[in-house]
Amino acid sequence: MKLTFVSLSLALGLVLTGPVLGAGDNVEINPPAEGSVNREDGLAAWDRIYEVASHPRCANCHTGADNRPMWSGPSYGRARKHGMNVNAGESRIGAEFVLCSTCHAYRENLHDVPHAAPQVAMNWQLAPVEAEWFGKSSEYICNQLRDPERNDGRDYLALAEHLDHDLILHWAWNPGGGREPAPYDLQSHVNDILVWGVAGYPCVND
Amino acid sequence: MEFTVNGEKREADVEYDMPLLWVLRDELGLKGTKYGCGVAQCGACTVHVDGVAVRSCQLAAGEAEGSDITTIEGLGTPETLHAVQEAWVEHQVAQCGYCQSGQIMQAAALLDQDPEPSDEVIDIVMSGNLCRCGTYPRIRAAVHTAAKKLQEA
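Attention in this report is confined to the structure presented alongside it.

Scoring rules and cut-offs
Residues numbered from 1 in each chain as written. Chains lettered and ligands numbered in written order. Predicted model: local features only at pLDDT ≥ 70, side-chain atom pairs only at ≥ 80, totals over all residues. Heavy atoms only, no water. Helix = DSSP H or I, 4+ residues; strand = E, 2+ residues; numbered from the N terminus. Buried < 20%, exposed > 50% of the residue type's maximum accessible area, 1.4 Å probe, protein only. Contact = heavy atoms within 4.5 Å. Polar contact = N/O pair within 3.5 Å; in protein donor to acceptor, adjacent residues only side chain to side chain. Axes fitted to C-alpha atoms, helices over the stretch in contact; angles between N-to-C directions. Parallel < 35°, antiparallel > 145°, perpendicular 65-115°, else oblique. Left-handed = near helix turned anticlockwise from the far one by under 90°. Nonpolar A, V, L, I, M, F, W, Y, C, P; charged D, E, K, R; others polar. Phe/Tyr/Trp six-rings, centres within 6.5 Å; stacked < 30°, edge-to-face > 60°. Buried area = accessible area lost by both parts, 1.4 Å probe. Salt bridge = Lys/Arg side-chain N within 4 Å of Asp/Glu carboxyl O. Pairing = 2+ DSSP bridges.

1. Considering unusual backbone geometry
Residues and elements named next belong to chain A.
- Even without a glycine there, the phi angle at asparagine 67 is positive, about 60°.
- You can see asparagine 67 is positioned in the loop between α3 (56–59) and β3 (70–71).
- The exposure class assigned to asparagine 67 is buried, which follows from its relative accessible area of 10%.
- Located in the positive-phi region is asparagine 85, a residue other than glycine, with phi close to 60°.

Spelled out as structure tokens, the structure:
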């Protein structure tokens, strides 16, 4: 399957040699040349990716089939389910019960009030259930993130573009309200995704 | 900014960031919607924006501009109560009453999306609306009664 990603990218002329901005224009999507990243460097990039993916700013909304977001991390004390009995439903946006946007409203600028509902300039939601990350191991998330059946058919370039376009993801590095941001920064995380992808999506179980 | 509030065009000269709750209470004089916590943890400020329940303390006025807003003052009238308000009176739900406009607005939104909610659904949906008097059993009973009223109407 990994070969399919690479073959498709080659066929579409997507293996890039210079910086190309995605439609979001928030980061540079500038992958290393094919074959230039070895497995060791790819795994090192993955370790940094896992630090981000498993961080509460990301993992709290990458929860499983109970459709319950989490409250965890240094500013939350003990890890627990989201208060107010919140259930995002199979819609993952709360359509069956209370919409996430009832509190996590659309907002153009940072909502920097401690304990208030985080808000971004797009609709708040849980990640798809296939992308369950909360409490999962590095090996599990690594295999999920390279599996097109569970990553919405994305190759590394599409993952980078996803990070560029979806503003809800940018919030992880600028959460406001006294919340601990995800480690590194958005551009570094995108760079690591590209390095990991060019290395052939290595996981420790390979 | 222009808003449609309870069917009437209203204007307010406010900043983008002002919470809709302040617009309703302080600029437009609609005091039925209550300030509870200011951080979306209690539900007292619930109103409908384009038919959807929102916590008005969390919605920036700039994002509500042009919207159709319904507050407790516009849900029913003293002469013609909304079914949820009728049920609230019949079950004597309110104790101190502070949270009740938010409870009623959330319950009305629930019945718009689910005309016959189970106890489980009521509990999930209404859990974001806190009541320090602990009127929850009466709230649940009143939601069931309101559902029957709406189905019979």
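Anyway, onward from the coordinates.
2. With respect to the environment of A:Trp173
Residue and element names in this part refer to chain A.
- With respect to the helices, strands and loops of the structure, tryptophan 173 is situated in the loop between α6 (167–170) and α7 (186–198).
- Exposure remark for tryptophan 173: the relative accessible area of 15% places this residue in the buried category.
- Those residues within four positions of tryptophan 173 in sequence are excluded, and the remaining contacts are Val52, Pro181, Ala182, Pro183, Tyr184, Asp185, Leu186 and His189.
- A polar atom in the side chain of tryptophan 173 sits 2.8 Å from the backbone oxygen of proline 183.

3. Observations regarding the packing of helix α6 (residues 119–126) of chain B against helix α7 (residues 136–152) of chain B
Residues and elements named next belong to chain B.
- Running from N to C, α6 and α7 point in directions that differ by 120°, and their axes come no closer than 10 Å. One way to sum up the angle between α6 and α7 is to call them oblique. α7 is crossed by α6, and the crossing has right-handed handedness. Counted together, Asp119, Ile122, Asp123 and Met126 of α6 and Ile139, Arg140, Val143 and His144 of α7 form the full contact between these two elements.
- In terms of residue class, the contact of α6 with α7 is made up of four nonpolar, one polar and three charged.

4. Some words on the packing of aromatic side chains
Residues and elements named next belong to chain A.
- Inspection of every chain in the model, using the stated rule, returns six aromatic pairs over all chains.
- Ring geometry for tryptophan 46 against tryptophan 196: centres 5.0 Å apart, planes inclined by 40°, an arrangement best described as tilted. You can see tryptophan 46 sitting in helix α2 (residues 39–53) and its partner tryptophan 196 sitting in helix α7, a full 150 residues away along the chain. With respect to class, tryptophan 46 is no different from tryptophan 196; both count as buried.
- Aromatic pair tryptophan 124 and tryptophan 171: ring centres 5.2 Å apart, planes at 85°, arrangement edge-to-face. Here tryptophan 124 is found in the loop between β4 (80–81) and α4 (138–145), whereas its partner tryptophan 171 is found in the loop between α6 and α7, with 47 residues between them in sequence.

5. Section: helix α4 (residues 83–90) of chain B
Residue and element names in this part refer to chain B.
- Those residues of α4 not exposed but buried are Ala83, Val84, Gln85, Ala87 and Trp88.
- On its buried side, α4 packs onto α3 (72–75), α5 (100–113) and α7.
- Looking one or two residues beyond α4, the residue adopting positive phi is glutamine 92, at roughly 45°.

6. Overview of the interface of chain B and chain A
- Taken together, the contact between chain B and chain A spans 21 residues of the former and 22 residues of the latter.
- Buried area between chain B and chain A, both sides added, is near 1800 Å², and the carbon and sulfur share of it is 54%.
- Together, B:Gln41, B:Gln58 and B:Ile124 form the three largest contributors to the area buried by chain B at its contact with chain A, with a combined 30%.
- Taken together, the connections running from chain B to chain A amount to one salt bridge.
- The partner of A:Arg107 in a salt bridge is B:Asp17, with the nearest N and O atoms 3.3 Å apart.
- Seen at the junction of chain B and chain A, the total is twelve residue pairs in polar contact (both at pLDDT 80 or more).
- At the level of elements, β4 (52–55), α5 and α6 of chain B are the ones that each hand at least two residues to the side of chain B that touches chain A.
- Looking at side-chain class alone, the side of chain B that touches chain A contains eleven nonpolar, six polar and four charged residues.

7. Brief notes about the pairing of strand β3 (residues 46–49) of chain B
Residues and elements named next belong to chain B.
- Burial along β3 is two-sided: Thr46 and His48 facing one way and Val47 and Val49 facing the other are all buried.
- As judged from the four bridges shared by β3 and β4, these two strands associate in the antiparallel manner. If you follow histidine 48 over to β4, its bridge partner there is alanine 53.
- Hairpin remark: β3 followed by β4, antiparallel, with two residues in the connecting loop; positive phi at aspartate 50, about 50°.

8. Some words on the packing of α4(B) against α5(B)
All names here are of chain B.
- Between α4 and α5, whose axes approach to 9 Å, the crossing angle comes to 125°. Classified by the angle between their axes, α4 and α5 sit oblique to one another. For α4 against α5, the interelement crossing comes out right-handed. Contacts between α4 and α5 involve Val84, Gln85 and Trp88 from the first element and Gln100, Gln103, Ile104, Ala107, Ala108 and Leu111 from the second.
- Here the contact of α4 with α5 is built from residues that sort into six nonpolar, three polar and no charged.

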